[in-house]
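Survey of secondary and tertiary structure
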Amino acid sequence: MANNLLKGKKGLIFGALDENSIAWKVAEKAKQEGADFVLSNAPIALRKGDIFKLAEKTGSEVIPADITQIDELEMLFQETMNLMKGGLDFILHSVGMSPNVRKGYPYMELDYNGLSKTLDVSAISLHKVLQTAYKMDAINEWGSVVALSYIAAQRTFSSYGDMAEAKAMLESIARSFGYHYGRKRRVRINTVSQSPTLTKAGTGVKGFDSFFSFANCMSPLGNASAAHCADYCISLFSDYTRMVTMQNLYHDGGYASMGISDHLIQNCFTCQGDCFEKL
Ligand code: NAI
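Quick look at the structure, then.

About the cut-offs
- Residues numbered from 1 in each chain as written.
- Predicted model: local features only at pLDDT ≥ 70, side-chain atom pairs only at ≥ 80, totals over all residues.
- Heavy atoms only, no water.
- Helix = DSSP H or I, 4+ residues; strand = E, 2+ residues; numbered from the N terminus.
- Rg over C-alpha atoms; globule rule 2.2 N^0.38 Å.
- Buried < 20%, exposed > 50% of the residue type's maximum accessible area, 1.4 Å probe, protein only.
- Contact = heavy atoms within 4.5 Å.
- Areas by Shrake-Rupley, 256 points an atom, 1.4 Å probe, with all protein chains shown as cover.
- Lys, Arg positive; Asp, Glu negative; His and termini not counted.
- Charge placed at Lys NZ, Arg CZ, Asp CG, Glu CD.
- Salt bridge = Lys/Arg side-chain N within 4 Å of Asp/Glu carboxyl O.
- 1 Å grid on protein atoms, 1.4 Å probe; cavity = no way out; pocket = protein on both sides within 12 Å on 5 of 7 lines; lining within 4 Å.
- Points joined across faces, edges and corners; volume = space filled by probe spheres on them.
- Nonpolar A, V, L, I, M, F, W, Y, C, P; charged D, E, K, R; others polar.
- Near = heavy atom within 4 Å.
- Polar contact = N/O pair within 3.5 Å; in protein donor to acceptor, adjacent residues only side chain to side chain.
- Sits in = over half its atoms within 2 Å of the grid points.

**Re the overall build of the chain**
Looking only at helices and strands, one finds 11 helices and seven strands in the chain. The globule rule puts the C-alpha radius of gyration for 279 residues at 19 Å, and the 19 Å found for the chain is close to it. Judged by the C-alpha coordinates and their principal axes, the chain covers about 65 × 45 × 40 Å. Per-residue burial for the chain yields a buried fraction of 50% across its 279 residues. A separation threshold of at least 6 residues defines the contact pool for the chain, and within that pool the share at least 24 residues apart is 76%. When the accessible surface of the chain is summed, it comes to about 13,900 Å², and 52% of that surface belongs to carbon and sulfur atoms. With 28 positive and 29 negative side-chain charges, the chain shows a spacing of 5 Å between the two charge centroids.

Printed below as a string of structure tokens:
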């Protein structure tokens, strides 16, 4: 289904860990659509080695950077612009990590050093990427930046922990920076709020199977896969969405607009509510 939507465009893709990663699918599609890009991930993630297979497949370079470290981001942008012989047209921020979620700490027992790390890696990193790019004038006019979010920014998902705070902040940074970068260079910045997806980060959340099944039954179109998400990101990098900015865009098969579905009523709830006492 390639349409050369990104022909001639240059990009930077953060967050491809393995073939399930959303960023991995975006990289594959971006290549099919004619883009050239650099892949980046944390040095520790490179040890797994999968990203080099993706680099080979897409004819890309891999440049390691911890997305929370400004000096590493500056080097990354400089090297990327050297390789691309100029500024960038798109950036994908597909990065998230919570030490509290990883360790299974309940929301009422957060470790605050862990919370700082969660916010730094999963949200403030978007600001760091944008601020570095802004200072270095690394994004071309009409460029597009997309970061991945989740509906726990708006609603409570009880085991999503402090990632909910991170996603709320991430979406806010996209709006706030969207104004400034829009004025400076007509760069657009959006978040895509994606369905539960079977990836390393996704399945690390307690009760992920239930998140996944519930959303799948609730959404009229079912859950959006990582491949669907990649298609949507490509459209946001393309020239067809030039006037879309500062938005949180739901990419979830309709889930965000649902209250309850016939499918759930018929197939899932049989207890008449009397199980509440047993919880
Ligand atoms: P993933 O585990 O494949 O990707 C997360 C990436 O973040 C990894 O590549 C990891 O190495 C990278 N990362 C972590 N710390 C980093 C650091 N300090 N510097 C640079 N990179 C770092 O999982 P997935 O699902 O593809 O996650 C991508 C994004 O999508 C995340 O923001 C996640 O919260 C979001 N998302 C995921 C959903 C899901 O159910 N999987 C649903 C909605 C949003």
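The structure having been displayed, the exposition proceeds.
**So, the pattern of salt bridges**
Summed over the entire model, instances satisfying the criterion amount to 10 salt bridges. As a salt-bridge pair, Asp-239 and Lys-9 come within 2.9 Å of each other at their nearest N and O atoms. Of this pair, Asp-239 sits in the loop between α10 (226–237) and β7 (248–251) while Lys-9 sits in the segment before β1 (10–14), and the two are 230 residues apart along the sequence. Judged by relative accessible area, Asp-239 falls into the partly exposed class, the value being 39%. Where Lys-10 meets Asp-36, a salt bridge forms, and the shortest distance between an N and an O atom there is 3.8 Å. Remark: Asp-36 occurs in strand β2 (residues 36–40) and Lys-10 occurs in strand β1; sequence separation between them is 26 residues. On the accessibility criterion, Asp-36 (32% relative accessible area) is partly exposed.

**Notes on the layout of surface pockets**
Empty space within the largest pocket amounts to approximately 1,300 Å³. Forming the walls of the largest pocket are 46 residues, and the residues nearest its centre are Ser-94, Val-95, Gly-96, Met-97 and Ala-201. Those elements giving two or more residues to the lining of the largest pocket turn out to be α1 (22–32), α2 (43–46), α5 (99–103), α6 (112–136), β5 (139–149), α7 (163–185), α8 (200–203) and α9 (208–218). Tallied by class, residues from the lining of the largest pocket come to 23 nonpolar, 16 polar and seven charged. Forming the walls of the second largest pocket are 13 residues, and the residues nearest its centre are Tyr-105, Pro-106, Tyr-107, Ser-159 and Lys-206.

**Quick look at the site of the ligand**
Near the ligand, the surroundings consist of 29 residues, among which Ser-21, Asn-41, Lys-167, Thr-197 and Thr-199 are the closest. In this structure, Asn-41 approaches the ligand through a side-chain N or O atom, which is 2.7 Å from an oxygen atom. Asp-66 places a polar side-chain atom, nitrogen or oxygen, 3.0 Å from a nitrogen atom of the ligand. Protein contact buries 92% of the 820 Å² of open area that the ligand shows by itself. Under a 2 Å grid-point criterion requiring more than half of the atoms, the pocket assigned to the ligand is the largest pocket. When residues of the shell around the ligand are traced back to their parent elements, those giving at least two are β5, α7 and α8. Per-element accounting of the shell around the ligand gives the leading share, three residues, to α8.

**Quick notes on the environment of Asn-100**
One can find Asn-100 in helix α5. Once the C-alpha coordinates of Asn-100 and Thr-118 are considered, the two residues, 18 residues apart in sequence, prove to be 7.8 Å apart. When residues no more than four places from it in sequence are discounted, the contact partners of Asn-100 are Tyr-105, Leu-110, Asp-111, Gly-114, Leu-115, Thr-118 and Asp-162. Among the polar contacts listed, one links the side chain of Asn-100 to the side chain of Asp-162, at a separation of 2.7 Å.

**Quick notes on the side chain of Ser-195**
With respect to the helices and strands, the residue Ser-195 is situated in the loop between β6 (188–194) and α8. At a separation of 2.9 Å, a polar atom in the side chain of Ser-195 contacts the main-chain amide nitrogen of Ala-224.

**Observations concerning empty space enclosed by the protein**
Following the criterion strictly, the structure yields one cavity of 30 Å³ or more and no others. The calculated volume of the largest cavity comes to roughly 50 Å³. If you go around the largest cavity, the residues you meet are Tyr-150, Ile-151, Ser-193, Gln-194, Ser-195, Pro-196, Ala-215, Asn-223, Tyr-250, Asp-252 and Tyr-255. Classifying every residue of the lining of the largest cavity by side-chain character gives six nonpolar, four polar and one charged.

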